[in-house]
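Here are the chains, one letter per residue:
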Amino acid sequence: MEKGYRAVTVADIVRRAGIARNTFYENFSSKEDCFLAASEFAVKEALRRVVDAASKVDTWPARVNSGLSAFLHYVASEPALARTCIVEALSAGPAAVERYERSIQAFVPLFRMGRKVSPHGEELPGTLEETIIGGIFWIIYQRIIMGQTEQIEELLPELVEFSLTPYLGAEAAKRAAAEQPSAATG
Amino acid sequence: MLETEARTAAASERAQLIEALIEVAAERGYMDTSIEMVIARAGLDRPAFDRHFRGKYDGFLSAWQEMNEECMASLMRAYDSEQHWPDRLRAVACEVVGSLCNEPSRACFAVEVLAAGDAARARRDMTMRVIASLIDAGRKEMEDPESVPHTTAEALAGSAYGQVYAKVVRGDTDELPKLIPQLMSAAVMPYLGVEAALEELDRGSNPPDRYRRPVAAIPADTPVENGEEYPPELARLPPGRHGLPREFVAHNQRERLIAGLAEAIAENGYSGTTIAHITRHAAVSRRTFYEHFASKDECFVAAYDTVMAELRERVGRAFEEEEDWPHAVKAGIGAMLHFLAAEPNLARLCMVEALVAGPVVVERYDSAIQSFVPYFQTGREGRSPEVLARLSPTTEEALVGGMMSLISRRIIAGKTDELESLLPDLVEFTLTPYLGSGEAAKVAREG
């Protein structure tokens, strides 16, 4: 996906994968289909890692911290895949948008738990979680675009603070963000 | 006169082509749009298209560039229509939603052009940085403005974009107004706290008091009113069209890199500019870049300082050459406008991109404003007590700030070549507090 979604042809993909055109069509019906499969795989894998990291700690703020840490680590280690899922998703049309929204939805429950610890709970805006996750995706997108993939993990404290503030207030969010995430990210 | 007519004709031809391109692309998508369809829709011929664009992709990018600039100008107008920060942001949100609902073909076109490549995205990202800076202004409302990370505003802007984009792609534009309270609430929360955020939810999608959407609906085939038309050849800054002044071209590598950065930024916006862009324009190696600068930001700061030093030098020289203060002010402003109009790339770099490039440069921008203050302060000498009583300690700063804002607005609107026509207004505006309006107008209008 170095060329951007629209410029990539099935010929490019089979050349890179070192497979025959036939083999491509045995597995995918089209370029779109292949693109969707790639992002589906990436979202599943990211979610698996996030859940894994979050389940190792007890409190909700620590879960967000560990989960995000695992997520950023994954993104930084797979920049091409991240580009496919985030950069292209915001530009590649209806099917991709569908995927983009589903990826956001996949992470909503992790943040929604914060409503239980917030004094405002369900009063908070209904799309707050989507806003937080979309914001994190956007920041990552910007770093990828600027070629700063290796700095993505440094964003952790700011993004944790950003995610926790609506639920815990600025002070508590800042404190929680300053802690080291406890799950090892390898 | 003939020349003016020819220019107007060219401008309207270009506007017709862009309008047609937007319509066709909105209906058929990027891939299936051909130049033939566009010229047929515009009722023009192929040579007409070739006079304005270097092919289909260039046509798309030019239309997109104009759309972004119009959008930015209208967002700024909305933002300025209100006085207080959350209302200003709300006005911007209403403006975005209003224009997407009223101009569906433009929204569809945006979706199409974004899928067409990185250059289009870079342009959008520049607009997004401006929107982020409008959100980031929320920190000024706080006791400790530095307590919120700078990525917060960027994240909020990006996330708002994602949600709006998804609705537009799905054709659910009628649901956009529902996003306003949600997005406003999320944007206000980090700066004003949860109570203020909940208030924003309660306000629903209502526009703030002062903001009025100036035009309810613009039918797609009506050209935008005259005052808002962009000079055709300036909306886009093709590489090579704007020569850099000799001082910036190229004897040493550092200057070449700075000039390269200015060109790359004119093409891609600050956020869309990569080190590869800079080194390509500068025709030096990546290694050379890193011998001079640690990062893009550092290069930008150096470029900014260089341009401002040059600008200050020219203003200073022009100011010194005049005998009396009012004419010295006029000469100084004239020199500033002349430099900026002659160097659109540098003008954009120091007056527009500097504001969105991050805190380091914003600080420098402030100190640049300060450096022009003394020229105006001289005007206090020998004034009557009544006049002095009217002036506040911050009058000069406000005058420079107001002037800068007028100038940068023109640059954002792609009207850099018309900057010099601002001279009489700016002179009158800045001299009036000292001389009174009659005398100020007289100096301003002198040949």
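Above this note sits the structure.
All figures in this text were calculated on a predicted structure; none of them were measured in a lab.

Visitor: How would you sum up the overall build of chain A? Please name residues and give values.
Guide: Check the secondary structure of chain A and you find 10 helices and 0 strands. Helices and strands appear in chain A in the N-to-C order α-α-α-α-α-α-α-α-α-α. Considering chain A as a whole, with its 186 residues, one finds that 55% of them fall into the buried category. Summarising the internal contacts of chain A: among those between residues at least 6 apart in sequence, 66% fall at separations of at least 24. A total accessible area of about 8400 Å² is found for chain A, and carbon and sulfur atoms account for 53% of it.

Visitor: How would you summarise the overall build of chain B if you had to cite specific residues and measurements?
Guide: Scanning chain B from N- to C-terminus turns up 21 helices and 0 strands. For chain B, restricting intrachain contacts to residue pairs at least 6 apart in sequence, the fraction spanning at least 24 positions comes to 70%. Counting only carbon and sulfur atoms, one obtains 53% of the accessible surface of chain B, whose full area is about 19300 Å².

Visitor: Residues and numbers for the side chain of B:Ser185, please.
Guide: Within the fold, B:Ser185 resides in helix H9 (residues 176-192). Apart from residues no more than four positions distant in its own chain, B:Ser185 is found in contact with A:Pro125, B:Ala197, B:Leu198, B:Glu200 and B:Leu201.

Visitor: Before we move on, can you summarise the pattern of salt bridges with the specific residues and values?
Guide: For the structure on display, the rule yields 35 salt bridges over all chains. The partner of A:Asp52 in a salt bridge is A:Lys56, with the nearest N and O atoms 3.8 Å apart. Between B:Arg106 and B:Glu19 there is a salt bridge, and its shortest N-O distance comes to 3.3 Å. Of the two residues, B:Arg106 is situated in helix H6 (residues 104-114) and B:Glu19 in helix H1 (residues 2-28); the sequence distance between them amounts to 87 residues. Residue B:Arg106 shares its accessibility class with B:Glu19, and that shared class is buried. Three or more residues joined by partner-sharing salt bridges are found here, namely A:Arg112, A:Arg115, A:Glu122 and A:Glu129.

Visitor: Describe a negative patch on the surface, listing the residues and the values that go with them.
Guide: Residues and elements named next belong to chain B. Taken together, the side chains of Glu-320, Glu-321, Glu-322, Glu-323, Asp-324, Glu-439 and Glu-446 present a region of like negative charge at the surface. Here Asp-324 shows up in the loop between helix H14 (296-321) and helix H15 (325-342). Assessed through its relative accessible area of 32%, Asp-324 is described here as partly exposed.

Visitor: Describe the packing of aromatic side chains, naming the residues involved and giving the relevant values.
Guide: Per the counting criterion, the structure on display carries 18 aromatic pairs over all chains. When the centroid spacing of 5.1 Å and the interplanar angle of 55° are considered together, the rings of B:Phe49 and B:Phe53 count as tilted. The same class applies to B:Phe49 and to B:Phe53, which are both buried. Three or more aromatic residues joined by ring pairs make a cluster, and in this case those are A:Phe71, A:Tyr100, A:Phe107 and A:Phe137. Lying across the ring of B:Tyr30, B:Lys56 places its NZ or CZ 4.4 Å from the centre. Between B:Lys296 and the ring centre of B:Tyr270, over which it is positioned, the NZ or CZ distance is 4.3 Å.

Visitor: Can you lay out helix H16 (residues 344-356) of chain B for me, pointing to particular residues and giving the numbers?
Guide: Residue and element names in this part refer to chain B. The end-to-end C-alpha distance of H16, which contains 13 residues, comes to 17 Å, matching closely the 18 Å that a straight helix rising 1.5 Å per residue would cover. Maximum bend of H16: about 35°, positioned at Cys-350. Of all 13 residues in H16, 12 are buried, a share of seventy percent or more. Where H16 is concerned, the buried positions are Pro-344, Asn-345, Leu-346, Ala-347, Arg-348, Leu-349, Cys-350, Met-351, Val-352, Glu-353, Ala-354 and Val-356.

Visitor: Talk me through the nonpolar core; I want residue IDs and the actual numbers.
Guide: Membership of the largest hydrophobic core comes to 187 residues, with the highest contact counts inside it found for B:Phe109 and B:Ile407. Excluding residues that lie within four positions of it along the chain, B:Phe109 makes contacts with B:Leu21, B:Ile22, B:Ala25, B:Ala26, B:Phe60, B:Ala63, B:Trp64 and B:Met67.

Visitor: Can you explain the interface of chain B and chain A? Please cite residues and give values.
Guide: Counting residues at the interface gives 40 residues for chain B and 39 residues for chain A. Buried area between chain B and chain A, both sides added, is near 3300 Å², and the carbon and sulfur share of it is 59%. Interface area lost by chain B to chain A is led by B:Arg121, B:Thr151 and B:Glu154, which between them contribute 14%. When residues of the side of chain B that touches chain A are traced back to their parent elements, those giving at least two are H6, helix H7 (118-136), helix H8 (151-170), H9 and helix H10 (194-202) of chain B.

Visitor: Explain the side chain of A:Ser163 to me, using residue names and the numbers behind them.
Guide: All names here are of chain A. Positionally, Ser-163 belongs in helix H9 (residues 156-168). Its relative accessible area of 0% is what places Ser-163 among the buried residues. Within polar-contact distance, the side chain of Ser-163 engages the backbone oxygen of Leu-159 at 2.7 Å. Every residue in contact with Ser-163, bar those within four places of it in the chain, is listed here: Val-64, Leu-68, Phe-111, Ile-132 and Ile-136.

Visitor: Residues and numbers for the environment of B:Pro374, please.
Guide: All names here are of chain B. Here Pro-374 is to be found in helix H17 (residues 359-377). On the basis of relative accessibility, which here comes to 44%, the residue Pro-374 falls in the partly exposed class. In this structure the C-alpha to C-alpha distance between Pro-374 and Glu-397, which are 23 residues apart in sequence, comes to 9.4 Å.

Visitor: Before we move on, can you summarise the packing of helix H8 (residues 128-145) of chain A against H7(B) with the specific residues and values?
Guide: Across the interface, H8(A) lies against H7(B) with an axial gap of 13 Å and an inter-helix angle of 125°. It follows from the interaxial angle that H8(A) and H7(B) lie oblique. Note on packing geometry: the crossing formed by H8(A) with H7(B) is left-handed. Facing A:Trp138, A:Tyr141 and A:Gln142 of H8(A), the residues of H7(B) in contact are B:Arg121, B:Arg124, B:Asp125 and B:Met128. Of the residues in the contact of H8(A) with H7(B), the class split is 3 nonpolar, 1 polar and 3 charged.

Visitor: Any details on the environment of A:His120? Residues and values, ideally.
Guide: Within the secondary structure layout, A:His120 lies in the loop between helix H7 (114-117) and H8. Residue classification places A:His120 among the buried residues on the basis of a relative accessible area of 16%. For the pair formed by A:His120 and A:Pro166, sequence separation is 46 residues and the distance between their alpha carbons is 9.4 Å. Apart from the residues within four sequence positions on either side, A:His120 is in contact with B:Val194, B:Glu195 and B:Leu198.

Visitor: Explain the environment of B:Phe60 residue by residue, including any values.
Guide: Residues and elements named next belong to chain B. Here Phe-60 lies in helix H4 (residues 56-81). Separated by 54 residues in the primary sequence, Phe-60 and Leu-114 have C-alpha atoms spaced 9.9 Å apart. Setting aside anything within four residues of it in sequence, one finds Phe-60 in contact with Leu-21, Ala-25, Tyr-30, Thr-33, Phe-109 and Val-113.

The rules behind each value
Along each chain, numbering runs from 1 in the same order as the chain's sequence is written. Chains and ligands are labelled by the order in which they are written, letters from A for the one and numbers from 1 for the other. Owing to the predicted nature of the model, reporting of local features is limited to residues with pLDDT of at least 70; listing and counting of side-chain atom pairs is limited to 80 or more, with chain, interface and lining totals taken over all residues. Note that the side-chain values use all heavy atoms of the structure and ignore hydrogens as well as water. Think of it this way: any DSSP run of H or I at least four residues long counts as a helix, any run of E at least two long counts as a strand, and we number them from the N terminus. We call a residue buried when its accessible area falls under 20% of the maximum for its residue type, exposed when it is over 50%, and partly exposed in between, using a 1.4 Å probe and counting protein chains only. Throughout, a residue-residue contact means that at least one pair of heavy atoms, one from each residue, lies within 4.5 Å. For the accessible areas, the method is Shrake-Rupley and the probe is 1.4 Å, while residue cover comes only from the protein chains on display. Whenever Lys or Arg places a side-chain nitrogen within 4 Å of a carboxyl oxygen from Asp or Glu, that contact is recorded as a salt bridge. Patch building starts from residues that exceed 30% relative accessible area and form no salt bridge, then joins like charges within 9 Å and nonpolar side chains (Val, Leu, Ile, Met, Phe, Trp, Tyr) within 5 Å. Counted as positive: Lys and Arg. Counted as negative: Asp and Glu. His and the chain ends are not counted at all. For charged residues, the charge sits on one atom: NZ in Lys, CZ in Arg, CG in Asp, CD in Glu. Aromatic pairing here means that ring centres of Phe, Tyr or Trp (its six-membered ring) are within 6.5 Å. Orientation follows from the plane angle: under 30 degrees is stacked, over 60 is edge-to-face, and everything else is tilted. Whether a charge sits over a ring comes down to the Lys NZ or Arg CZ being within 6 Å of the ring centre and within 35 degrees of the ring normal. Expected span, for any helix, means 1.5 Å times one less than how many residues it has. Bend is the name given here to the angle between axes fitted to two runs of seven residues, the run ending at a residue and the run starting at it. Nonpolar cores are built from buried Ala, Val, Leu, Ile, Met, Phe, Trp, Tyr and Cys residues. Side-chain atoms within 4.5 Å join them into one set. Reported buried area values correspond to the accessible surface (1.4 Å probe) lost by two parts on association, with both partners' losses combined. In the analysis that follows, any N or O atom pair within 3.5 Å is treated as a polar contact, provided that within protein one partner can donate a hydrogen and the other can accept it, and provided that, for residues neighboring in sequence, both atoms belong to side chains. Fitted lines through C-alpha atoms serve as axes, helices being fitted only where they are in contact, and the angles separating the N-to-C directions of these axes extend from 0 to 180 degrees. Note on angle classes: values under 35 degrees are labelled roughly parallel, values over 145 roughly antiparallel, values of 65 to 115 roughly perpendicular, and the remainder oblique. Take the far helix as your reference; a near helix turned counterclockwise from it by less than a right angle gives a left-handed crossing, and one turned clockwise gives a right-handed crossing. Only Asp, Glu, Lys and Arg are considered charged, only Ala, Val, Leu, Ile, Met, Phe, Trp, Tyr, Cys and Pro nonpolar, and every remaining residue, Gly among them, polar.

In short, geometric facts, not functional conclusions.
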